[in-house]
Amino acid sequence: ALCCGIRQAAREAVNHLIRAQALRPNDPRIGLLLTQAARTTRHLGQPVRIRAAMTDGANLLDGRAVEELAGMIEREPDLVDALLAIPESSPDKQVAAVLSSAIAQAMSRNPQRAEFHLHQAQVVERLGRADQAIIEHERAVALNPTLTRSLVELGRLYQMTNRPDAAISTLNQAAAAGAK
């Protein structure tokens, strides 16, 4: 699959990774690579459909697995975007909970990295916790006042929670940050 990716054969890489995932359905690295290959395939205009594959006995909250995922997030924060790009499904809440735990571990070791708060906000919002998402975006912006993604999302969340003045102010701040 990796060789296919290097050769720019994203669709072929997806096919190999689907077979690999069938053999090792609980392997987070295979899941990540499959998500990235599928995203590339879609960007190339080729339709592709993937699904989360986990065995019934999978313990997603296994400490070692969460620790490994936290390390992967520390090295490659964009992994969170890739995982959130997977369409929502029945195991989504469980996967998001594990992802939230892993991001929390990464944040505890790197408290000054604003993007970890941004990603935690995205995950907790997917879990239906808009108030917690607001807190995480506010922390991200406190660490990096020009983090446009958090500013825009924060403005949207303020509007969604009936705080129009805060929404306007935050979106103006986002516009100013994006203009720099």
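Residues numbered from 1 in each chain as written. Predicted model: local features only at pLDDT ≥ 70, side-chain atom pairs only at ≥ 80, totals over all residues. Heavy atoms only, no water.

Peer 1: What's the story with the overall build of the protein in this structure? I'm lost.
Peer 2: Regarding its fold elements, the protein presents 10 helices and 0 strands. Going residue by residue from the N terminus, the α and β elements of the protein occur as α-α-α-α-α-α-α-α-α-α. With 180 residues in all, the protein has 43% of them scored as buried. Considering only intrachain contacts with a sequence separation of at least 6, the fraction spanning at least 24 residues in the protein is 58%. By element, 54% of the accessible surface of the protein is carried by carbon and sulfur atoms, the whole surface being about 10000 Å². (Helix = DSSP H or I, 4+ residues; strand = E, 2+ residues; numbered from the N terminus. Buried < 20%, exposed > 50% of the residue type's maximum accessible area, 1.4 Å probe, protein only. Contact = heavy atoms within 4.5 Å. Areas by Shrake-Rupley, 256 points an atom, 1.4 Å probe, with all protein chains shown as cover.)

Peer 1: Whenever I open this one, the confidence of the model for the protein confuses me. Can you help?
Peer 2: In low-pLDDT segments, the atomic positions of the prediction should not be examined closely. Across the protein, the average pLDDT comes to 82, with 84% of residues at 70 or higher. The element-level mean pLDDT for the protein is lowest in helix 1 (residues 2-6), coming to 67, with helix 8 (residues 130-143) highest at 97. (pLDDT = per-residue confidence, 0-100.)

Peer 1: When you look at the environment of Gln8 in this model, what are you seeing that I'm missing?
Peer 2: Residue placement: Gln8 occurs in the loop between helix 1 and helix 2 (10-23). The exposed category is assigned to Gln8, whose relative accessible area is 68%. Sequence spacing of Gln8 and Thr41 is 33 residues, and the spatial spacing of their C-alpha atoms is 9.6 Å.

Peer 1: Help me out: how do you make sense of the packing of helix 8 against helix 9 (residues 148-160) in this one?
Peer 2: The packing of two helices is summarised by the inter-axis angle and the distance between the axes. Direction vectors running N to C along helix 8 and helix 9 enclose 145°, while the axes themselves pass 9 Å from each other. The handedness of the crossing between helix 8 and helix 9 comes out as left-handed. Mapping the contact onto sequence places Ala130, Ala133, Ile134, His137, Glu138, Ala140 and Val141 in helix 8 and Ser150, Leu151, Glu153, Leu154, Leu157, Tyr158 and Met160 in helix 9. Along the lines of polarity and charge, the residues of the contact of helix 8 with helix 9 split into 10 nonpolar, 2 polar and 2 charged. (Axes fitted to C-alpha atoms, helices over the stretch in contact; angles between N-to-C directions. Left-handed = near helix turned anticlockwise from the far one by under 90°. Nonpolar A, V, L, I, M, F, W, Y, C, P; charged D, E, K, R; others polar.)

Peer 1: Would you mind going over helix 9 with me for this structure?
Peer 2: Because each turn of an α-helix spans 3.6 residues, side chains separated by three or four positions end up pointing in the same direction. If you check helix 9, its first and last C-alpha atoms are 18 Å apart, about what 13 residues at 1.5 Å a residue would give, namely 18 Å. Looking only at helix 9, the buried set comprises Ser150, Leu151, Leu154, Gly155, Leu157 and Tyr158. Buried residues along helix 9 cover an arc of 165° about the axis, so they all sit on one side. One or two residues past the end of helix 9 sits Asn162, with phi positive at roughly 60°. (Expected span 1.5 Å × (residues − 1). Arc of directions from axis to C-beta.)

Peer 1: Is there a simple way to think about the pattern of salt bridges in this case?
Peer 2: Close approach of charged atoms allows side chains of opposite charge to pair. Under the definition given, this model contains 6 salt bridges. Among the salt bridges present, the one from Arg113 reaches Glu115, with a minimum N-O distance of 2.7 Å. For Glu115, a relative accessible area of 25% puts it in the partly exposed group. Arg156 serves as the salt-bridge partner of Glu153, at 2.5 Å between the closest nitrogen and oxygen. (Salt bridge = Lys/Arg side-chain N within 4 Å of Asp/Glu carboxyl O.)

Peer 1: Looking at this structure, I do not really get the nonpolar core. What am I missing?
Peer 2: What tends to happen in soluble globular proteins is that the nonpolar side chains get buried as a cluster. By size, the foremost hydrophobic cluster in this structure holds 21 residues, and its most contacted members are Leu69, Ile73, Leu79, Val80, Leu99, Ile103 and Val123. Elements represented by at least two residues in this core include exactly helix 4 (63-75), helix 5 (79-84), helix 6 (92-109) and helix 7 (114-126). Top element by residues in this core is helix 6. It accounts for 7 residues. If near-sequence neighbours (up to four positions away) are discounted, Val80 is found in contact with Ile73, Leu99, Ile103, His119, Gln122 and Val123. Within the second largest apolar cluster, 13 residues are counted, among which are Ala121, Leu154, Tyr158 and Ala167. (Core = buried A, V, L, I, M, F, W, Y, C linked by side-chain atoms within 4.5 Å.)

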